[in-house]
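Notes for the structure review
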Amino acid sequence: MHPHNEPGQGLRFDRSLIERLSASGPRYTSYPTADRFTERYGEAAYRRIAARRFGAGSERPLSIYVHLPFCNTICFYCACNKIATKDRRRADVYLDYLAREIELQAPLFAARSRVEQIHLGGGTPTFLNDTQLTRLMRLLYDKFTFAPDSIGEYSIEIDPRKVAPRTIHLLREHGLNRVSIGVQDLDPQVQEAVNRIQSEEETRNVVDAARMAGFHSISMDLIYGMPKQTVASFSRTLDRVIDMRPDRLSVYHYAHLPHLFMPQRRIHEAELPSSEIKLDILAGAIDKLTAAGYVYIGMDHFALPTDELARAQRKGTLHRNFQGYSTHDDIDLLGLGISSIGKIGASYSQNVRDEKQYYALLDEGRLPLFRGIELNDDDRLRRDLIQHLMCDFQLDFARFGRRWNIDFASYFAPEWPRLQELAAMGVVELAPDSLHVTDAGRLLVRNVAMVFDRYLREAQTTARYSKTV
């Protein structure tokens, strides 16, 4: 293993390489990616797989994702499945139906599993008032057994504009121990351009309350490439964010796809920074975060060296799932609420995206699924390989071959010419027995993963992906 390629160490911004390889591609929160899910997968398959996976004698850990779609206002950049309303009574109805879904789902898992992860996402989870948040947590605690606070990763996405410090303390009392805070940008002109006015004071108040309440980890999300952003303005935002010292930071590239996401049509394209400026912003962000002591985890994520993600990456025990990077290995995921995605064993499933359809299926006593996929052996093998790349930036061919009972060189012979091309560009280093993503290639790890995506190689797709950098 090359010393400079140890996990968690080394990141180099190479503009010419990024410009040469800039392309659209999946983020690989799953493999196969969600655009490969089909409506042939239904409730019968889901129940069969869950029964086999969580059958007699099984005590598998479980992760739960709850999608809470409501927002008071719409941020123009947003590509999430959300419902804009100021009527909190709609959340009461939604919780009624979440309770029905939990009633249907819990018997498939609850008797033989222990929940080790929760993520409440949206939308805006803190659209719910304190009473509604309390009700949601009780619904989960009544039906599932939870790992102790020292083991579990229990997180919620926070909009600082919509939450008081007392709510942060309430969430901690209910067992949540991680917060992800939406910031995106602190520049007033950028905020106005994307319809998200959020003061630094509001953000600091949430950070201070989370620290006072004893949350284990505080994460912040930033987005570069938004309208009216400049290198100088984003640098100022970073200075103020670094001063708050979150444990983790995500610095996402804004994907402008107005033909897919209607709110983005309200963004003035003439105000978007050029590709060159966006790369300048990214380069500056990497320099500033590195100088502040953050390490690159992968896929837009940075963390302090003391954070458990950084520690897991150094030990080679980092994993990736729909909730992002995790220290929990191959954990099954139960998705609840509209549009949520679950992973049970070698399968994925997704709930219907529409609120009324979700309610109608639950009124019929049916699980609100609309598509999914059962993975074949090749899917499972490639999923494992892509996860290793995303988390470790390296592959040991012999070890991987033994794990899957294959000869790596012959199995991946079709991929080898493209890997050699990436090696010639300096993205990866190839040896007869291994692959290492270079320091300059780490920002382009999605491009490396795409080489091993059989669906991209063999079939056309109508899916629209974000740029890899």
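Thresholds, definitions, all that
Residues numbered from 1 in each chain as written. Predicted model: local features only at pLDDT ≥ 70, side-chain atom pairs only at ≥ 80, totals over all residues. Heavy atoms only, no water. Salt bridge = Lys/Arg side-chain N within 4 Å of Asp/Glu carboxyl O. Buried < 20%, exposed > 50% of the residue type's maximum accessible area, 1.4 Å probe, protein only. Helix = DSSP H or I, 4+ residues; strand = E, 2+ residues; numbered from the N terminus. Polar contact = N/O pair within 3.5 Å; in protein donor to acceptor, adjacent residues only side chain to side chain. Contact = heavy atoms within 4.5 Å. Phe/Tyr/Trp six-rings, centres within 6.5 Å; stacked < 30°, edge-to-face > 60°. Lys NZ or Arg CZ within 6 Å of the ring centre and 35° of its normal. Expected span 1.5 Å × (residues − 1). Pairing = 2+ DSSP bridges. Axes fitted to C-alpha atoms, helices over the stretch in contact; angles between N-to-C directions. Core = buried A, V, L, I, M, F, W, Y, C linked by side-chain atoms within 4.5 Å. Arc of directions from axis to C-beta.

**Quick look at the pattern of salt bridges**
Scanning the entire structure with this criterion turns up 35 salt bridges. For the salt bridge of D87 with R89, the shortest nitrogen-to-oxygen distance reads 3.0 Å. Residue D87 is classed as partly exposed on the basis of its relative accessible area, which comes to 27%. Across the salt bridge formed by R418 and E421, the nearest N and O atoms sit 2.6 Å from each other. On the criterion of helical spacing, the pair formed by R418 and E421 is a turn pair, its members being three residues apart in helix α15 (residues 416-425). Residue R418 is classed as partly exposed on the basis of its relative accessible area, which comes to 32%. In the salt-bridge network here, residues are joined through shared partners; they are D378, R382, E415, R454, R457 and E458.

**Quick look at the side chain of N351**
Tracing the backbone through its elements, the reader meets N351 in strand β15 (residues 347-351). Here N351 falls in the buried class, since its relative accessible area comes to 2%. There is a polar contact of 2.9 Å between the side chain of N351 and the side chain of E101. Once residues within four sequence positions are removed from consideration, N351 is found in contact with E101, G335, L336, G337, I338, S339, S340, Y358, P368, L369 and F370.

**Concerning the packing of aromatic side chains**
Scanning the entire structure with this criterion turns up 18 aromatic pairs. Here Y141 and F146 contribute two aromatic rings whose centre-to-centre distance is 4.5 Å and whose plane-to-plane angle is 50 degrees, an arrangement assigned as tilted. Taking the relative accessible area as the measure of exposure, F146 reaches 16% and is therefore buried. Of note, R88 hangs over the ring of F127, and the distance from its end group to the ring centre comes to 5.3 Å. Across the ring face of Y325, the terminal group of R320 is positioned such that the distance to the ring centre comes to 4.8 Å.

**Describing helix α8 (residues 231-244)**
Because the α-helix completes a turn every 3.6 residues, residues three or four places apart line up on one side. The end-to-end C-alpha distance of α8, which contains 14 residues, comes to 20 Å, matching closely the 20 Å that a straight helix rising 1.5 Å per residue would cover. Within two residues after α8, R245 carries a phi angle of roughly 55 degrees, on the positive side.

**With respect to the sheet that holds strand β17 (residues 394-396)**
Taken together, the three strands give an open sheet; going across it, the order is β17-β19-β18, and neighbouring strands pair in antiparallel fashion. The sheet terminates laterally at β17 and β18 (428-431), the two strands that pair on one side only. Neighbouring strand axes in the sheet, compared pairwise and without regard to direction, differ in orientation by 10 degrees on average. Across three bridges, β17 lies against strand β19 (residues 434-437) in antiparallel orientation. Bridge pairing in β19 links D396 to S434. Contacts from helix α13 (residues 397-404) reach β17, β18 and β19 within the one sheet, and its direction differs from that of β17 by about 65 degrees. With respect to the sheet, α15 is in contact with β18 and β19, its orientation differing from that of β18 by roughly 125 degrees.

**Describing the nonpolar core**
Residues I64, L140, F144 and F452 are the most contacted members of the largest nonpolar core, which totals 130 residues. Of all the elements, helix α3 (residues 89-109) adds the most residues to this core, at ten residues. Residues contacting L140, with those up to four places away along its chain left out, are I64, V66, I102, I118, F146 and L336.

**Quick notes on helix α7 (residues 200-213)**
When the terminal C-alpha atoms of α7 are compared, their 20 Å separation across 14 residues agrees well with the 20 Å that a helix rising 1.5 Å per residue should span. Where α7 is concerned, the buried positions are T203, V206, V207, A209, A210 and A213. The buried residues of α7 occupy one face: seen down the axis, they fall within an arc of 165 degrees. Of the exposed residues in α7, the ones pointing more than 90 degrees away from its buried face are E201 and M212. Close packing links the buried residues of α7 with β5 (153-158), α5 (165-173), β6 (178-184), β7 (217-224) and α8. Backbone geometry just downstream of α7 places G214 in the positive-phi region, at approximately 90 degrees.

**What about the pairing of strand β16 (residues 369-374)?**
Here β16 lies mainly inside the structure; five of its six residues are buried. The sheet contact formed by β15 and β16 spans five bridges and is antiparallel. Following the sheet pairing, S347 is matched in β16 by E374.

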